[in-house]
There are 2 protein chains.
Amino acid sequence: MTKKRILRVVKIGGNIVDDASRLDGFLATFAALPSPKILVHGGGKIATQLAEKLVIPQTMIEGRRVTDAETLCVAVMVYGGLVNKQIVAKLQALGCSSIGVCGADGDLMRAHKRKHASIDYGFVGDVETVNEPLIDRWLGQGLTPVVAPLTHDGQGQLLNTNADTIAQEIAQAMSQAFHVELIFGFEKSGVLLNVNDLSSRIPVLDFAAYQKLKSRKIITEGMIPKLDNAFSALKKGVRKVIIGQAENLMELVEGRDGTSIVWEEN
Amino acid sequence: MTKKRILRVVKIGGNIVDDASRLDGFLATFAALPSPKILVHGGGKIATQLAEKLVIPQTMIEGRRVTDAETLCVAVMVYGGLVNKQIVAKLQALGCSSIGVCGADGDLMRAHKRKHASIDYGFVGDVETVNEPLIDRWLGQGLTPVVAPLTHDGQGQLLNTNADTIAQEIAQAMSQAFHVELIFGFEKSGVLLNVNDLSSRIPVLDFAAYQKLKSRKIITEGMIPKLDNAFSALKKGVRKVIIGQAENLMELVEGRDGTSIVWEEN
C-alpha cells in the first residue's frame, strides 16, 4: 500500500476576505504552504454591502438568509466573480498557480435546491456530488483550486451554498485518495476550555475528550455544531480537522496553534 | 504528419449575452457543436447598468471606456462572475461540460496595463501570453473553456481586455496544435457587398478579393478594422475566420451562412 499524500483544504471566512491587508497576509502564507492544497472562501460583508447599494431587501428566516433571485445574482457576482478572481490574481503573483471555480465549473459540485417542510430558503443548494476525479486532475497539474461557495443543480440553476459545507464536502470526497487535513479559519485561536481565557486553547481534541467536555458543559452551544461537523468529517475519512486563526496557517498545520480535532489521539 | 483536429473558438457579444432567450438559443446550438471548442463572451449592457445603479461615472476617451478601479470591480463581478457562471451552469445542463475562467485562472492570459503616450485607459490589459498547454489539457479532458474578457498582469492586478482580442489571441495561440476556426458573432449575417441589402452577403472572402473590395470602397470603414484583424489572425496561423450571426452557429460552421474569411480560396 502506498502512503497517501497530504492534501490541505483551507476555508477562510469574512473576517479575512473583508480585510485587504489580512487577506494579503493570509494569501502569502497560503501560497507558501506545500501543494497539493485547496482554498475555499466565503464572501463576507461585500455581498451584503452590494445588496444594500442595489436596494435588494435581505430576508432572514430563523437567522438564515433567504436567497431570492436578486440575492443570488449578488452572490454570483461577489463570490464567484470579485472575491474569487482577486484571490486567484494575487495567488498567481505569489507563485501559486490557482484556478478560481464554483460548483458549476466542470460539474465540480452538484446540489439540489433545499427542501424544507415550512421554509423556502430560495436558491440555496444542498450538496449531492463532488467531482473528485476533476479535482484530482487539477491538483496533478499543479493547480490550486480556489472555490467559491456556489453550486449548481445540473439543470442550469446556480445555487448558494455555505462555504463551511463546501469545504467539508470537498475534504470528505478527497479522502479516498489523500490524507486530508481540513482547516477552518476561525475568529479565535481554537477551541477554548474557558471562552474568556484565550490561553485555554485545547491543542488536540479527540472524540472521547469531546464527549466528556460536552457532558460537563465546558464546550458550549456555539461550538457544538462546528465540532459535530468536524467529527462527522473525520468519520467520513478526513484525517484531521484544524480550527484556528487563518493568519497562523503555518502554525495550525504544524500543530503549534489552533485545535487539531482527531478521532483518537495517537 | 498527423492531420490537425479542428478547434472552434466562438466569440459572442452583448447582443446575445443581454437577451436571455437569444442566449439560451445560442447555447443550445453551441452545446451541440462538436468538441473541442472554446467560448469567449463579452459583457453587454449588464455591466453598464450595474455601474449606473452603483452611480459609478463612466469615462469615455475617443470612444473607449476608461476602466478605473470601480469600473474594473464591476467588470470582474459581471463578466468574471454573473455572465460567466450563468453560461457555465446552462452549458452543464445541456450536457456540455464547461469551465468558466478569466485570464488569471491558471495564468491563462497574462497582459500588461496599456501604455499610451497621452491617454490613461486605466485597468486595461494588452495581452502578452496565452497559456496554450493549459487550454490543451482542459480540451483533452473534454472541458470546454468559457472565457471572460479579463486578464491579469502577473503581479496581482486583474485587467479589462476586449473580448474580440481575447478570442483572437486564444485562436492564434492554439493554431500550433489545432486547425483553428475563429467565429465572431456579429449583428449582421456577414460581410455585405451592399450594407443596405442583407442578401448581398459574401460567402467567402480571401485576401486578394478583400484588397479589391477595399480599393473600390465597397467594404467600408466600419468593417475594415474587423477584417484587418481577421487577416492578421490568418497570418498568425488561424485557418478560417467566420463572421455572422451567432444564433446560426451551425450554418456558419458548415459554410451555409456568414462570411468565411480565408487567406486564399482553395
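Quick note: structure is the one above.
Small disclaimer: the values here were computed from a predicted structure and weren't measured.

(A) Representation of the side chain of N160 of chain B in the model. Tracing the sequence through the fold places N160 of chain B in strand β10 (residues 158–160). A polar contact of 3.3 Å, which involves the side chain of N160 of chain B, links it to the side chain of T67 of chain B.

(B) Up close: the packing of helix α7 (residues 207–215) of chain B against helix α8 (residues 223–235) of chain B. All names here are of chain B. Across the interface, α7 lies against α8 with an axial gap of 12 Å and an inter-helix angle of 160°. Viewed along their axes, α7 and α8 adopt a mutual orientation that is roughly antiparallel. As α7 runs across α8, the sense of the crossing is left-handed. On the side of α7, the interface is formed by F207, Y210 and K214, while α8 contributes I224, L227, D228 and F231. Here the contact of α7 with α8 is built from residues that sort into five nonpolar, no polar and two charged.

(C) Main features of the interface of chain A and chain B. On the chain B side, the residues contacting the 37 residues of chain A number 37 residues. A combined buried area of about 2800 Å² lies between chain A and chain B, and 69% of that area is made up of carbon and sulfur atoms. It is M77, K85 and Q141 of chain A that lose the most area in chain A upon contact with chain B, and together they represent 19% of the buried surface on that side. Counting every contact that joins chain A to chain B gives two salt bridges. Between the two partners, chain A and chain B, sit eight residue pairs in polar contact (both at pLDDT 80 or more). Looking at the side of chain A that touches chain B, the element that brings in the most residues is helix α4 (residues 69–93) of chain A, giving 14 residues.

(D) Layout of the sheet that holds strand β2 (residues 37–41) of chain B. Residues and elements named next belong to chain B. Spatial ordering of the open sheet is given by β5-β8-β2-β1-β11-β13-β14-β12, a layout of eight strands whose pairing is mixed. Bordering the open sheet on either side are β5 (98–101) and β12 (204–205), each of which pairs with just one other strand. Pairing of β2 with strand β8 (residues 144–147) involves two bridges; the strand directions are parallel. The partner of L39 across the bridge, within β8, is V146.

(E) Representation of the packing of aromatic side chains within the structure. All names here are of chain A. Applying the stated criterion across every chain, the model contains 10 aromatic pairs over all chains. Here Y210 and F231 contribute two aromatic rings whose centre-to-centre distance is 4.9 Å and whose plane-to-plane angle is 20°, an arrangement assigned as stacked. Of this pair, Y210 sits in helix α7 (residues 207–215) while F231 is found in helix α8 (residues 223–235), placing the two residues 21 residues apart along the sequence. Its guanidinium or amino end placed over the ring of F123, K113 lies 5.5 Å from that ring's centre, counting from NZ or CZ. Sitting over the ring of Y121, R114 keeps its end group 5.3 Å from the ring centre.

(F) Looking closely at the sheet that holds strand β14 (residues 259–261) of chain A. Residue and element names in this part refer to chain A. Read from one edge of the open sheet, eight strands run β5-β8-β2-β1-β11-β13-β14-β12, paired in mixed fashion. In the strand order of this sheet, the two ends are held by β5 (98–101) and β12 (204–205), each with one partner. Contacts between helix α2 (residues 20–32) and the sheet are confined to β1 (6–12), β2 (37–41) and β8 (144–147), with β2 contributing the most and set at about 160° to the helix.

(G) Up close: the pattern of salt bridges. A full pass over the atoms with the stated rule returns 24 salt bridges over all chains. Between K113 of chain B and D120 of chain B there is a salt bridge whose closest N-O contact spans 3.8 Å. For K113 of chain B, a relative accessible area of 35% translates into the label partly exposed. R114 of chain B serves as the salt-bridge partner of D126 of chain B, at 2.9 Å between the closest nitrogen and oxygen. One end of the pair, D126 of chain B, is in strand β7 (residues 125–130); the other, R114 of chain B, is in the loop between β6 (109–113) and β7, and 12 residues separate them in sequence. Ionic contacts of the salt-bridge type, sharing partners, join the residues K11, D164 and K226 of chain A into one network.

(H) Molecular detail of helix α3 (residues 45–53) of chain B. Residues of α3 of chain B that are buried include every one of A47, L50 and A51 of chain B, and no others. Summarising the axial view, the buried residues of α3 of chain B lie within an arc of 100°, below the 170-degree limit, and thus occupy one face. Exposed positions of α3 of chain B whose direction lies more than 90 degrees from the buried face are K45, E52 and K53 of chain B. Those residues of α3 of chain B hidden inside the fold are in contact with α4 of chain A together with α4 (69–93) of chain B.

(I) Examining the relation of the copies chain A and chain B more closely. The transform that puts chain A on chain B rotates by 180° and translates by 0.0 Å along the axis, for an RMSD of 0.0 Å. Such values leave the two copies arranged in the relation of a two-fold axis. For chain A, the smallest separation between a C-alpha atom and the rotation axis is recorded for G81 of chain A, amounting to 1.8 Å. When the interface residues of chain A are mapped onto chain B, 100% of them again lie at the interface, so the same face is used by both copies.

Calculation rules
- Residues numbered from 1 in each chain as written.
- Chains lettered and ligands numbered in written order.
- Predicted model: local features only at pLDDT ≥ 70, side-chain atom pairs only at ≥ 80, totals over all residues.
- Heavy atoms only, no water.
- Helix = DSSP H or I, 4+ residues; strand = E, 2+ residues; numbered from the N terminus.
- Polar contact = N/O pair within 3.5 Å; in protein donor to acceptor, adjacent residues only side chain to side chain.
- Axes fitted to C-alpha atoms, helices over the stretch in contact; angles between N-to-C directions.
- Parallel < 35°, antiparallel > 145°, perpendicular 65-115°, else oblique.
- Left-handed = near helix turned anticlockwise from the far one by under 90°.
- Contact = heavy atoms within 4.5 Å.
- Nonpolar A, V, L, I, M, F, W, Y, C, P; charged D, E, K, R; others polar.
- Buried area = accessible area lost by both parts, 1.4 Å probe.
- Salt bridge = Lys/Arg side-chain N within 4 Å of Asp/Glu carboxyl O.
- Pairing = 2+ DSSP bridges.
- Phe/Tyr/Trp six-rings, centres within 6.5 Å; stacked < 30°, edge-to-face > 60°.
- Lys NZ or Arg CZ within 6 Å of the ring centre and 35° of its normal.
- Buried < 20%, exposed > 50% of the residue type's maximum accessible area, 1.4 Å probe, protein only.
- Arc of directions from axis to C-beta.
- Least-squares fit on C-alpha atoms with pLDDT ≥ 70 in both.

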